[in-house]
Amino acid sequence: NIFTPQWRPKAHFTPEQNWMNDPNGLVYYNGKYHLFYQYNPHGNDWGNMNWGHATSTDLVNWHHHPVAVEMSPKGLGYIYSGSAVVDYDNTSGLQTGEHPPLVALFTHTEANTEVQRQSLAYSLDGGDSWQQYANNPVIENPGIVDFRDPKVSWHPASSQWIMALTAGHSIEFYASKNLFDWAHISSFGEDDGSHQGEWECPDLFELTTETGIKKWVLLVSLVPGGPNGGSGTQYFIGDFDGVQFKAEHQDVRWLDYGPDNYAGVTWDGRQTIDNRRTLIAWMSNWTYAEDMPTFPWRGAMCLPRDLSLTQIDGNFYVTNLPAKEVLDSSQIVSEVTASDKVLSLPLSQKSALDIQLSCEITQSDKLYIRMFNDAGETVELKYLPQRQKLVVDRSQAGWSYKLWRTPRLEAKTFIDSGKVNARLVLDTSSLEVFWQQGSTTMTICLLPTQPFNRIEISSDNTGDKKISLAEIK
Ligand code: FRU
């Protein structure tokens, strides 16, 4: 193992050392975002699963805390993915002091049987310390091998807690008044969406369009079968009446088309403050996660993102952009505007970069965006408006070619008018593409041997082009 500080991201969360996968227990309370995550405290591979813990007030700078929910070989076994909520009304009756209880529900698997059950842990001091409930589990395994990843949220209309979890190829919904006693209420998905892989890590929430239309959204990660191979996250738009979720479309929708955005879920507690839905996802892919050559850590989170419900050509889609806090902490450092075929700008390397691009384009034109470094490595984005396609080639982007099974990555675009508006976040070993106000996004890991230090946009027409560069602090 060789230390790889050059690949340590600056604005993305990584554990100080060792293995990390899914985000868990996302809960916002008292001005703090809590991020728990699937963590192996003893090594750089998957194993010994616990909930690692970090907190942030700005979603960019993170403080590391000790493991919050701990595995025990003789007790619950490995602690798998799950969620956490703020129990503002003390429905659990756990409250002892000034803070409402923070309650986590998670899957665990006993070392010898591997049976998956759901259990509970809680914090009575606002999220600093966590203890496991004495009478776990709260949901027994009903005879289903893959039965995991509970995501809990308060459903105001029916005044109860709703839990979504995955059972192989379906979502199972449960309801509870107190977070301890759960009743099975419905199933979803046997005949919906993509079943190219196993379903994992669901999330259910409501979003509102700018014009006030409300829809329920169900996120379901699946592996394999993602849009560019391996892991991916599909979503459904529809209605949830407190019992049953119904999707209003047949087509498969992807939250992010890149290969490195998985198990994404949203923060609880945020909505009570300003009605935002903020998501974070694991920035890797089960196809090669365990071969990523980073050390002494392995695994990063994508940038936190605010989700919106947007109507495009009569259909509703979930769009995503970097979270407001991330945008607030970025400062413009350079800018260039011209009506040339090619426009380029040097990239500074002190911080993660939020690169905003705009450009005029005709239907028959192609637009290229390329980044280069001094080692002759490059990553290329090609936009084909006529084909409604974005193509990214990461095969020449450094160490990567040894690892990625799919060097050429494709995404569908939804807004193909005469103007391109894009936001690229580049942070040492990753590129996140937010195309046309986040209507298409791609999260892509890269392993350049030297930092990318120049960006270029080019097309055959001499319409207006602009690049502006901001540093995320
Ligand atoms: C998704 C997943 C979850 C599981 C966890 C185990 O990446 O497989 O389904 O709870 O990882 O680490």
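Below is a short write-up of the structure. All of these numbers come straight from a predicted model, not from anything done at the bench.

Concerning the packing of aromatic side chains
Logical step 1: Across all of its chains, the model carries 25 aromatic pairs by this definition.
Logical step 2: Note on Phe36 and Trp51: the rings are 5.5 Å apart at their centroids and 35 degrees apart in plane angle, and the pair reads as tilted. Residue Phe36 is found in strand 2 (residues 32-40), and its partner Trp51 is found in strand 3 (residues 50-56); the two are separated by 15 residues along the sequence. Across the pair, exposure class does not vary: Phe36 and Trp51 are buried alike.
Logical step 3: Plain terms: the ring middles of Phe36 and Trp130 are 5.2 Å apart, the flat faces sit at 80 degrees to each other, and that makes the pair edge-to-face. Here the residue Phe36 occupies a position in strand 2, and Trp130 occupies one in the loop between strand 7 (116-123) and strand 8 (131-132), the gap between them amounting to 94 residues. Across the pair, Trp130 and Phe36 agree in class, each one buried.
Logical step 4: One aromatic cluster in this structure is built from Phe13, Tyr37, Tyr39 and Trp62.
Logical step 5: Sitting over the face of the ring of Trp297, Arg8 holds its NZ or CZ atom 4.1 Å from the ring centroid.

So, the sheet that holds strand 9 (residues 147-155)
Logical step 1: Read across the open sheet, the 4 strands follow the order 9-10-11-12; overall the sheet is antiparallel. The open sheet has two free edges, formed respectively by strand 9 and strand 12 (183-188), since each of these has just one partner strand. Taking the axes of each pair of neighbouring strands and ignoring which way they run, one obtains an average angle of 25 degrees across the sheet.
Logical step 2: In this structure, strand 9 lies alongside strand 10 (residues 160-167), joined through 7 bridges in antiparallel fashion. Across the sheet, Ser153 pairs through a bridge with Ile162, a residue of strand 10.

Focus on the site of the ligand
Logical step 1: Close to the ligand lie Asn21, Asp22, Gln38, Trp46, Tyr80, Ser81, Arg148, Asp149, Glu200, Tyr262 and Trp286, which account for all nearby residues.
Logical step 2: Within the side chain of Gln38, one N or O atom sits 2.6 Å away from an oxygen atom of the ligand.
Logical step 3: Take Trp46: an N or O atom from its side chain is 2.9 Å from an oxygen atom of the ligand.
Logical step 4: Protein contact buries 95% of the 320 Å² of open area that the ligand shows by itself.
Logical step 5: Of all elements in the fold, only strand 1 (18-29), strand 5 (78-86) and strand 9 reach the threshold of two or more residues within the shell around the ligand.

Regarding the nonpolar core
Logical step 1: Membership of the largest hydrophobic core comes to 102 residues, with the highest contact counts inside it found for Phe173, Ile355, Leu424 and Trp435.
Logical step 2: Counting residues domain by domain, this core receives three or more from each of domain 1 (5-322) and domain 2 (329-472).
Logical step 3: Setting aside chain neighbours within four positions, we find Trp435 in contact with Leu367, Ile369, Leu381, Tyr383, Leu390, Thr413, Val420, Asn421, Ala422 and Thr440.
Logical step 4: Of all hydrophobic cores here, the second largest spans 18 residues; its members include Trp161, Leu165, Leu179 and Phe180.

Basis of the calculations
Residues numbered from 1 in each chain as written. Predicted model: local features only at pLDDT ≥ 70, side-chain atom pairs only at ≥ 80, totals over all residues. Heavy atoms only, no water. Phe/Tyr/Trp six-rings, centres within 6.5 Å; stacked < 30°, edge-to-face > 60°. Helix = DSSP H or I, 4+ residues; strand = E, 2+ residues; numbered from the N terminus. Buried < 20%, exposed > 50% of the residue type's maximum accessible area, 1.4 Å probe, protein only. Lys NZ or Arg CZ within 6 Å of the ring centre and 35° of its normal. Pairing = 2+ DSSP bridges. Axes fitted to C-alpha atoms, helices over the stretch in contact; angles between N-to-C directions. Near = heavy atom within 4 Å. Polar contact = N/O pair within 3.5 Å; in protein donor to acceptor, adjacent residues only side chain to side chain. Areas by Shrake-Rupley, 256 points an atom, 1.4 Å probe, with all protein chains shown as cover. Core = buried A, V, L, I, M, F, W, Y, C linked by side-chain atoms within 4.5 Å. Domains from an automatic or database assignment. Contact = heavy atoms within 4.5 Å.

Without other data, these values stay purely geometric and don't point to any function.
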